[in-house]
Amino acid sequence: MTFDRTKLPDPATYFDGEGLTLKGRGEWRTTACTFHDGSDSMRINVRNGAWVCMACGAKGGDVLAYHMEAHGLEFVDTAKALGAWVDDGKPHREQKPAPLPPRAALQVIGFEATLAAVAAANVAHGRALTEPDRFRLLTAAARINRLVEAYA
Ligand SMILES: [Zn+2]
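Residues numbered from 1 in each chain as written. Predicted model: local features only at pLDDT ≥ 70, side-chain atom pairs only at ≥ 80, totals over all residues. Heavy atoms only, no water.

Caption draft 1: Molecular detail of the overall build of the chain. A tally of helices and strands in the chain yields five helices and six strands. For the chain, the α and β elements follow one another from N to C terminus as β-α-β-β-β-β-α-α-β-α-α. Reported as C-alpha extents along the three principal axes, the dimensions of the chain are approximately 90 × 30 × 20 Å. Across the 152 residues that make up the chain, the buried fraction comes to 23%. Within the chain, residue pairs in contact and separated by at least 24 positions form 42% of the contacts whose partners lie at least 6 positions apart. Accessible area of the chain: about 10,200 Å², with a carbon and sulfur share of 56%. (Helix = DSSP H or I, 4+ residues; strand = E, 2+ residues; numbered from the N terminus. Buried < 20%, exposed > 50% of the residue type's maximum accessible area, 1.4 Å probe, protein only. Contact = heavy atoms within 4.5 Å. Areas by Shrake-Rupley, 256 points an atom, 1.4 Å probe, with all protein chains shown as cover.)

Caption draft 2: Main features of the sheet that holds strand β2 (residues 28-33). Ordered by their spatial adjacency, four strands build an open sheet running β2-β3-β4-β5, and the pairing between neighbours is antiparallel. Edge positions in the sheet fall to β2 and β5 (59-60), since each has one partner strand and no second. With three bridges connecting them, strand β3 (residues 38-45) and strand β4 (residues 51-53) associate as antiparallel partners. By the bridge assignment, R43 is partnered in β4 with V52. (Pairing = 2+ DSSP bridges.)

Caption draft 3: Structural view of the coordination of the zinc ion. On the protein side, the zinc ion has C33 (SG), H36 (ND1), C53 (SG) and C56 (SG) as donor atoms, found 2.1 to 2.3 Å from it. The site at the zinc ion holds four donor atoms, and with the angles between them running 97 to 116°, its shape is tetrahedral. Binding-site remark: the zinc ion is held by donors from one chain whose sequence spacing is C-x2-H-x16-C-x2-C. (Donors = N, O, S within 2.8 Å, 3.2 Å for Na, K, Ca; no water. Tetrahedral: all angles 85-135°; square planar, octahedral: opposite > 155°, others 65-115°.)

Caption draft 4: Representation of the environment of L73. The residue L73 is located in the loop between α2 (63-71) and α3 (75-81) in this model. For L73, the residues in contact, after removing those within four places along its chain, are H67, M68 and T78.

Caption draft 5: Local environment of the pairing of β2. Pairing analysis gives five bridges linking β2 to β3, with the strands arranged antiparallel. Paired with T31 across the strands is M42, a residue of β3. Counted between consecutive antiparallel strands, the loop separating β2 from β3 contains four residues, among which D37 sits at a positive phi close to 65°.

Caption draft 6: Structural context of the packing of aromatic side chains. In this structure the tally under the stated criterion is seven aromatic pairs. Ring geometry for F3 versus F75: centroids 5.2 Å apart, planes at 70°, classification edge-to-face. Taken as a pair, F3 in strand β1 (residues 2-3) and F75 in helix α3 lie far apart in primary sequence, 72 residues in all. For F3, a relative accessible area of 21% translates into the label partly exposed. F75 gets classed as partly exposed once you look at its relative accessible area, which sits at 34%. (Phe/Tyr/Trp six-rings, centres within 6.5 Å; stacked < 30°, edge-to-face > 60°.)

In structure tokens:
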């Protein structure tokens, strides 16, 4: 799901739907400011939805910003309310924070791989792994798997 600006309602239609009467002609229209209850101090651009109150200074760049401010909503909820939150065909995925920068992750994997190779060589030469060695190898595998999950 993503925000699609082109799906935002036409400014004149939107502000009319908010119960505001737009007066005047041309790109900038005059209407009431609901933020400070002014009767005719709000200027609204019917082309791009920008708005500014000449009295209280409330302002924003589009109908989305207006809707957020007027209804106290967060961005995504506002985009949904205005029909501009659309399915972009991608499955919704939470962004997982990477535990390490990629270069550091590769260094960890390289180190753990070397450690595993040394342990394998010791076993090949008939030296049994101690309990701490075995535990350390499991830790190595866990570290690598955690990085695989994080970057997969
Ligand atoms: Zn105002």
